[in-house]
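# Observations on chain architecture
Listed below, chain by chain, are the residues.
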Amino acid sequence: MKKILFLLSLFVCTLSYAQDWKLVFEGDDVVYYYKPQTKNTAWIKEVSDKTEYEPEDSLETKVVKGYVVTLWKFDCAEEKIAPLHINTYSYDGKLLQEVQNEVEETEMFFVVSDTVGERFFGEFCGKGKR
């Protein structure tokens, strides 16, 4: 299992490098990448063998080898974040699920210490743990 995850990480790292994705950090079974979008948004890519999504034709959550690309909004002064757009893909790049929030209606949340969100916030705003 660890060999597969390592090979997947190498493959995605090569793919991400070509698309200007920057490695943020690696967890036990997920690798996170970062790509700035605007002055207050950035894309975060989560690559995992255990990517979860909810198909439109089912009420059950499915788990596949794939990745999630999320557009996050950051408020560096208030230390808040919010997901704006979430795309879930299979390993081969097929779009499995898309969720989009209206910018005006999106509730911003305070960054919680010692979480993945704090790592994203630190990367984007230059604050917090890295």
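Everything that follows concerns the structure shown earlier in this document.
Reading guide: rules and limits
- Residues numbered from 1 in each chain as written.
- Predicted model: local features only at pLDDT ≥ 70, side-chain atom pairs only at ≥ 80, totals over all residues.
- Heavy atoms only, no water.
- Disulfide = S-S within 2.5 Å.
- Helix = DSSP H or I, 4+ residues; strand = E, 2+ residues; numbered from the N terminus.
- Buried < 20%, exposed > 50% of the residue type's maximum accessible area, 1.4 Å probe, protein only.
- Contact = heavy atoms within 4.5 Å.

### Brief notes about the state of the cysteines
Each disulfide consists of a covalent bond between the sulfur atoms of two cysteine residues. Scanning the entire structure with this criterion turns up one disulfide. Here Cys76 is linked by a disulfide to Cys125, with a sulfur-sulfur distance of 2.0 Å. One disulfide, between Cys76 and Cys125, carries an S-S torsion of -80 degrees and so falls in the left-handed class. Linking Cys76 in the loop between strand 4 (62–75) and strand 5 (80–90) with Cys125 in helix 2 (residues 116–125), this pair joins segments that are 49 residues apart in sequence. Exposure remark for Cys125: the relative accessible area of 16% places this residue in the buried category.

### So, the environment of Val69
By secondary structure assignment, the location of Val69 is in strand 4. The exposure class of Val69 is buried, given its relative accessible area of 10%. Sequence spacing of Val69 and Glu46 is 23 residues, and the spatial spacing of their C-alpha atoms is 6.5 Å. In this view, Val69 contacts Trp21, Trp43, Ile44, Lys45, His85, Ile86, Asn87 and Tyr89; residues no more than four positions away in its chain are not counted.

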